[in-house]
Amino acid sequence: MKTRKLGNSQLEVSSIGLGCMGLSYGYGPATEKSHAIGLIRSAFEQGVTLFDTAEAYGPYINEQLLGEAVAPFRQKIAIATKFGFEFDGKGGQSGLNSRPEHIRAVAEAALKRLNTDVIDLFYQHRVDPQVPIEEVAGTVKELIQEGKVKHFGLSEAGAQTIRRAHAIQPVTALQSEYSLWWREPEAEILPTLEELGIGFIPFSPLGKGFLTGAINQDTTFDSSDFRNIVPRFSIEARKANQALVTLLEQIAQQKGATPAQIALSWLLAQKPWIVPIPGTTKLSRLHENLASADIELSQQELSNIEKVLASVTVEGARYPEHLQKRVGN
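Summary of the structure given here. It should be emphasised that the depicted structure is a prediction, and the values quoted were computed from it without experimental measurement. (Residues numbered from 1 in each chain as written. Predicted model: local features only at pLDDT ≥ 70, side-chain atom pairs only at ≥ 80, totals over all residues. Heavy atoms only, no water.)

Turning our eyes to something else, we now look at the overall build of the protein. A tally of helices and strands in the protein yields 11 helices and 11 strands. Its C-alpha atoms give the protein a radius of gyration of 19 Å, within 12% of the compact-globule value 20 Å for 329 residues. With respect to the three principal axes, the spread of C-alpha positions in the protein is 50 × 45 × 40 Å. Expressed as a percentage of its 329 residues, the buried residues of the protein come to 56%. Expressed as a percentage of contacts within the protein between residues at least 6 apart in sequence, the contacts between residues at least 24 apart total 74%. Element-wise, carbon and sulfur atoms account for 49% of the exposed surface of the protein, whose accessible area totals about 13800 Å². (Helix = DSSP H or I, 4+ residues; strand = E, 2+ residues; numbered from the N terminus. Rg over C-alpha atoms; globule rule 2.2 N^0.38 Å. Buried < 20%, exposed > 50% of the residue type's maximum accessible area, 1.4 Å probe, protein only. Contact = heavy atoms within 4.5 Å. Areas by Shrake-Rupley, 256 points an atom, 1.4 Å probe, with all protein chains shown as cover.)

Moving on, we come to the packing of helix 8 (residues 259-270) against helix 10 (residues 299-310). At a minimum axis separation of 11 Å, helix 8 and helix 10 run at an interaxial angle of 110°. Considering the angle they form, helix 8 stands roughly perpendicular to helix 10. For helix 8 against helix 10, the interelement crossing comes out left-handed. Residues I262, W266, A269 and Q270 of helix 8 pack against L302, I305 and E306 of helix 10. By residue class, the composition of the contact of helix 8 with helix 10 is 5 nonpolar, 1 polar and 1 charged. (Axes fitted to C-alpha atoms, helices over the stretch in contact; angles between N-to-C directions. Parallel < 35°, antiparallel > 145°, perpendicular 65-115°, else oblique. Left-handed = near helix turned anticlockwise from the far one by under 90°. Nonpolar A, V, L, I, M, F, W, Y, C, P; charged D, E, K, R; others polar.)

Before going further, it helps to spend a moment on helix 2 (residues 61-70). Burial of helix 2 is extensive: 7 of the 10 residues sit out of reach of the surface. When we look at burial in helix 2, the residues that qualify are N62, E63, L65, L66, G67, A69 and V70. Where the residues of helix 2 are buried, they touch helix 1 (33-45), strand 4 (50-52), strand 5 (78-83) and helix 3 (100-113).

Two pairing modes exist for strands in a sheet, parallel and antiparallel, and in both the strands are linked by backbone hydrogen bonds. The 7 strands are arranged 3-4-5-8-9-10-11 in an open sheet whose pairing can be described as parallel. Bordering the open sheet on either side are strand 3 (18-19) and strand 11 (199-203), each of which pairs with just one other strand. Strand direction decides the pairing type here: strand 10 (residues 171-177) and strand 11, joined by 5 bridges, are parallel. Looking at the pairing, A173 lines up with G199 of strand 11. (Pairing = 2+ DSSP bridges.)

This is the structure in structure tokens:
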């Protein structure tokens, strides 16, 4: 597995990481523990050195799972986790909280759950409008000085927030959604990151599974699956968006690859400091995704993909309205 540096930082990780959320949360019932641990360890054996989790995934159980899974090789990998939510005690989120004392409490709890003495990359999960980003960055800066955190990250933040935070404590990476069917970051976010020397870690690089070709208008999701409330996954939107997958399948066939591999290799080709973190519960999909790192698209092939994308309009919002309010701030 090739490696990449996240912007100007010294954090060097595998060119594709592993998003661990779906093993515990968001896409139906949690994966059986021994299988999930086996998948995480298989990812490491195949060269993955960036593992992404958060206290919100469960909540808490995903961090515990990851901590147990990576214990045998903890010093050889980077763990990314997140702060920024309050929980209601029933497993649900009850709002945002990035007050300094809360950030510190989350860091201490995460260190214990992850069974580690340092968090490699600590993200603010969502920007909290009630707490100046300078206070957030300053608190993480103190945690870095204390040796409890190595790098500061933001998730789904807007360009001005990124600049304000970076002025207090250099931001190592921004994590936001970016893929062949969500390209909004190209307008303002990517130029800002390039200017400031910040890495980019796209989540949902496979469109929450849609770009793999495994989902169509007839697919039914488990009642606990987050996609049930995503407008882009309504039956009507899936039917309309199938055109994108069909075109992606045609490109993949010409390249001797899968649609998922083309989607990931396209992301890798955009900037040398982009590290996507696809998630999966299947070992076969893990191997497929990681093989994308060895697929190189020529300029001609990238141009052809652009032409194809220009002919397709993706239908449906990527978040329901109440969640969309939390992004891009």
